[in-house]
Amino acid sequence: MGLLEGKRILVTGVITDSSIAYHVARMCQEQGATVLLTGYGRLSLVERIAQRLPEAPPVLELDVTDDEHLASLADRIREHVDGIDGIVHSIGFTPQEALGGNFLNTSWQDVATAMHTSTFSLKSLSTAVLPLMKDGGSIVAMDFENEVTFPVYDWMGVAKAGLASTARYLARYLGEHDVRVNLVSAGPLRTMAARSIPGFAELADAWPARAPLGWDTNNPEPAARAVVALLSDWFPATTGETVHVDGGFHSTGA
Ligand SMILES: NC(=O)c1ccc[n+]([C@@H]2O[C@H](COP(=O)([O-])OP(=O)(O)OC[C@H]3O[C@@H](n4cnc5c(N)ncnc54)[C@H](O)[C@@H]3O)[C@@H](O)[C@H]2O)c1
């Protein structure tokens, strides 16, 4: 029996086979779940990547900032499954002007785009799918260390701090629906989103030396495993929590 036997999981955020979400989707299937993907923008690319999973899942279009996409999402999911037991939020976007040392000059418009896509979207996605979570369930979102600053992460760090708070408020409001909301805070991984952050390579290079367990920036599997564990029935009384999967980096001072 897999950890997710019989569960129906909606996974957002696959764009390449290095996406954290791709490895989450693969492991969910390996652990017995039925997986549905959402894709943003280049749908045919997401569909091609989806073919590489153990079983090719349906891919539903979702721009998480598009109210019409969100309003129709539950009905489009119902064409494939009659309920959802877990949601994976693996979405992030920040305009270049909000990254890489431009913190003092970033416009509100660019910050608003980052917050809408990377922070508020956890609320929008959760409430859009909630009608399908009649038996409760688990929502997991991907976080990055945001209690301290980094030279290049800038407004994405602010967006992630907001994401952490959003997860805690969702945990408060969705508890009565028996829905848990938790975060996995992963160390740096070489994905498309990471490559778009100027100076991210230097940040990533510093990580393995400081993390007590070391850290492989090319291996998304530890983060994906934690997501699967939080989606499973093995964290039944945990909500509003952040699980760090960063080799222990966050616990060190220098
Ligand atoms: N790579 C890292 O170092 C790292 C570390 C910790 C947390 N994270 C977080 O993990 C999550 C996934 O990122 P990743 O590193 O796998 O990169 P990725 O580029 O593979 O995934 C980012 C995803 O966000 C999606 N997206 C962007 N705008 C969207 C929109 N408007 N609507 C719907 N989807 C949209 C993209 O299509 C893409 O699939 C992000 O939240 C990221 O901040 C990444």
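Preceding this paragraph is the structure being described.
Residues numbered from 1 in each chain as written. Predicted model: local features only at pLDDT ≥ 70, side-chain atom pairs only at ≥ 80, totals over all residues. Heavy atoms only, no water.

Trainee: Mind laying out the site of the ligand, listing which residues take part and the relevant values?
Mentor: Around the ligand there are 28 residues in total, and G13, S19, K160, L189 and T191 lie nearest to it. Between the ligand and the protein, one listed contact pairs an oxygen atom with a backbone N or O atom of G13 at 2.8 Å. One of the backbone N or O atoms of V64 is found 2.9 Å from a nitrogen atom in the ligand. When atoms are counted within 2 Å of each cavity's grid points, the one that captures over half of the ligand is the largest pocket. Mapped by element, the contributors of at least two residues to the shell around the ligand are β5 (137–143), α5 (154–174) and α6 (192–195). (Near = heavy atom within 4 Å. Polar contact = N/O pair within 3.5 Å; in protein donor to acceptor, adjacent residues only side chain to side chain. 1 Å grid on protein atoms, 1.4 Å probe; cavity = no way out; pocket = protein on both sides within 12 Å on 5 of 7 lines; lining within 4 Å. Sits in = over half its atoms within 2 Å of the grid points. Helix = DSSP H or I, 4+ residues; strand = E, 2+ residues; numbered from the N terminus.)

Trainee: Residues and numbers for the packing of aromatic side chains, please.
Mentor: A ring pair, where both rings are aromatic, is described by two values, the distance of the centres and the angle of the planes. Overall, the coordinates contain seven aromatic pairs when judged by the stated rule. With centroids separated by 5.6 Å and ring planes inclined at 50 degrees, the aromatic side chains of F144 and F150 adopt a geometry described as tilted. The same class applies to F144 as to F150, namely buried. Relative to F249, the ring of F150 has its centre 6.3 Å away and its plane inclined at 40 degrees; by these criteria the two rings are tilted. Note that F150 is positioned in the loop between β5 and α5 and F249 in the segment after β7 (242–245), a separation of 99 residues in sequence. Summarising the burial analysis for this pair, F150 and F249 share the class buried. One aromatic cluster is present, built from ring pairs that chain together F144, F150, Y153, W207 and F249. Cation over ring: R210 sits above F249, and NZ or CZ is 3.9 Å from the ring centre. (Phe/Tyr/Trp six-rings, centres within 6.5 Å; stacked < 30°, edge-to-face > 60°. Buried < 20%, exposed > 50% of the residue type's maximum accessible area, 1.4 Å probe, protein only. Lys NZ or Arg CZ within 6 Å of the ring centre and 35° of its normal.)

Trainee: Lay out a nonpolar patch on the surface with the relevant residues and their values.
Mentor: Together, F103, L104 and V158 make up an exposed nonpolar region whose accessible area comes to about 290 Å². Within the fold, F103 resides in the loop between β4 (86–89) and α4 (108–129). (Patch = residues over 30% accessible without salt bridge, like charges linked within 9 Å, V, L, I, M, F, W, Y side chains within 5 Å. Areas by Shrake-Rupley, 256 points an atom, 1.4 Å probe, with all protein chains shown as cover. Salt bridge = Lys/Arg side-chain N within 4 Å of Asp/Glu carboxyl O.)

Trainee: If you had to explain helix α2 (residues 43–50) to someone new, which residues and values would you point to?
Mentor: Within an α-helix, residues lying three or four positions from one another point in the same direction, as the helix has 3.6 residues per turn. Residues of α2 that are buried include every one of L45, V46, I49 and A50, and no others. Axial view of α2: buried residues confined to an arc of 140 degrees, hence all on one face. For α2, the exposed residues lying more than 90 degrees away from the buried face are S44 and R48. (Arc of directions from axis to C-beta.)

Trainee: So what's going on with the sheet that holds β5? Which residues, and what values?
Mentor: If you walk across this open sheet you meet the seven strands as β3-β2-β1-β4-β5-β6-β7, and the pairing is parallel. Where the open sheet ends on each side, the last strands, each with one partner, are β3 (59–61) and β7. Put simply, the sheet's adjacent strands are angled 20 degrees from each other on average, direction ignored. The pairing of β4 with β5 spans four bridges and is classified as parallel. Paired with G86 across the bridge in β5 is S138. Lying on the sheet, helix α1 (residues 20–30) is in contact with β1 (8–11), β2 (34–39), β4 and β5; it crosses β2 at an angle near 160 degrees. Against the sheet, helix α3 (residues 67–78) touches β1, β2 and β3, its axis set at about 155 degrees to β3. (Pairing = 2+ DSSP bridges. Axes fitted to C-alpha atoms, helices over the stretch in contact; angles between N-to-C directions. Contact = heavy atoms within 4.5 Å.)

Trainee: So what about the pattern of salt bridges? Which residues, and what values?
Mentor: For the structure on display, the rule yields nine salt bridges. A salt bridge links R78 to D75; the shortest N-O distance between them is 2.7 Å. Residue R78 and its partner D75 are located together in helix α3, separated by three residues, close to a single helical turn. Residue R78 is classed as partly exposed on the basis of its relative accessible area of 42%. Measuring nitrogen to oxygen at the nearest pair gives 3.1 Å for the salt bridge that ties D205 to R190. Here D205 is found in helix α7 (residues 200–210), whereas its partner R190 is found in the loop between β6 (179–186) and α6, with 15 residues between them in sequence.

In short, shape yes, function no, at least from these values alone.
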